[in-house]
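# Descriptive analysis of the structure
Below, each chain spelled out in residue letters.
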Amino acid sequence: MANAVTKKMVYFALEIYANALLIGAEFSRSNIGSDFHCKMCNNVTLTETLEHLFRDCPVVQRLWMGSDLGINTTFGNTLDIQDWIANWLRLLKLKKRKG
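Residues numbered from 1 in each chain as written. Predicted model: local features only at pLDDT ≥ 70, side-chain atom pairs only at ≥ 80, totals over all residues. Heavy atoms only, no water.

## Things to note about the pattern of salt bridges
Heads up, the condition is: Salt-bridge detection follows one rule: a side-chain nitrogen of Lys or Arg within 4 Å of a carboxyl oxygen of Asp or Glu. Burial here depends on accessible area, computed with a 1.4 Å probe over protein chains only, as a share of the maximum for the residue type. Under 20% is buried, over 50% is exposed, and the range in between is partly exposed.
Tallied over the full model, the rule gives 1 salt bridge. Note that Asp56 is salt-bridged to Arg55, the shortest N-O span being 2.8 Å. Owing to a relative accessible area of 29%, Asp56 belongs among the partly exposed residues under this scheme. The class for Arg55 is buried, based on a relative accessible area of 2%.

In structure tokens:
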């Protein structure tokens, strides 16, 4: 079961890495709709970007920290989301080899 969850998480991370998810910033660029803010934290001053939605949003930060992975999202938060995901995938791979 844990292995299947890990595979799903990696697949989802790869979708984020490939910029394959439609989010507020993409809708804004395409002039689709008019509500582009983050639905998680409801901060109407921020356009929903991959970085915000999966790393910088205060709601998501608490979810990451409270997960079994215990990810501190402030580490590497100056990186774009693709580099941030790649770093975490490398760390998870190293952790899996050791343990």
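That was the structure; now back to the text.
## Notes on the environment of Gly24
To keep things clear, this is the line we draw: Secondary structure counts use DSSP, requiring at least four H or I residues in a row for a helix and at least two E residues in a row for a strand, with both numbered from the N terminus. Throughout, a residue-residue contact means that at least one pair of heavy atoms, one from each residue, lies within 4.5 Å.
Topologically, Gly24 is positioned in helix H2 (residues 24-29). Separated by 24 residues in the primary sequence, Gly24 and Glu48 place their C-alpha atoms 4.7 Å from one another. The contacts of Gly24, once residues within four sequence positions are left out, are Phe36, Thr47 and Glu48.

## Remarks on the confidence of the model for the chain
Rule in force here: Residue-level confidence of the predictor is what pLDDT reports, using numbers from 0 through 100.
A residue-level look at the chain finds 84% of positions with pLDDT of 70 or above and a mean pLDDT of 79. Taken element by element, the chain is modelled with least confidence in H2, mean pLDDT 66, and with most confidence in helix H4 (residues 58-66), mean pLDDT 92.

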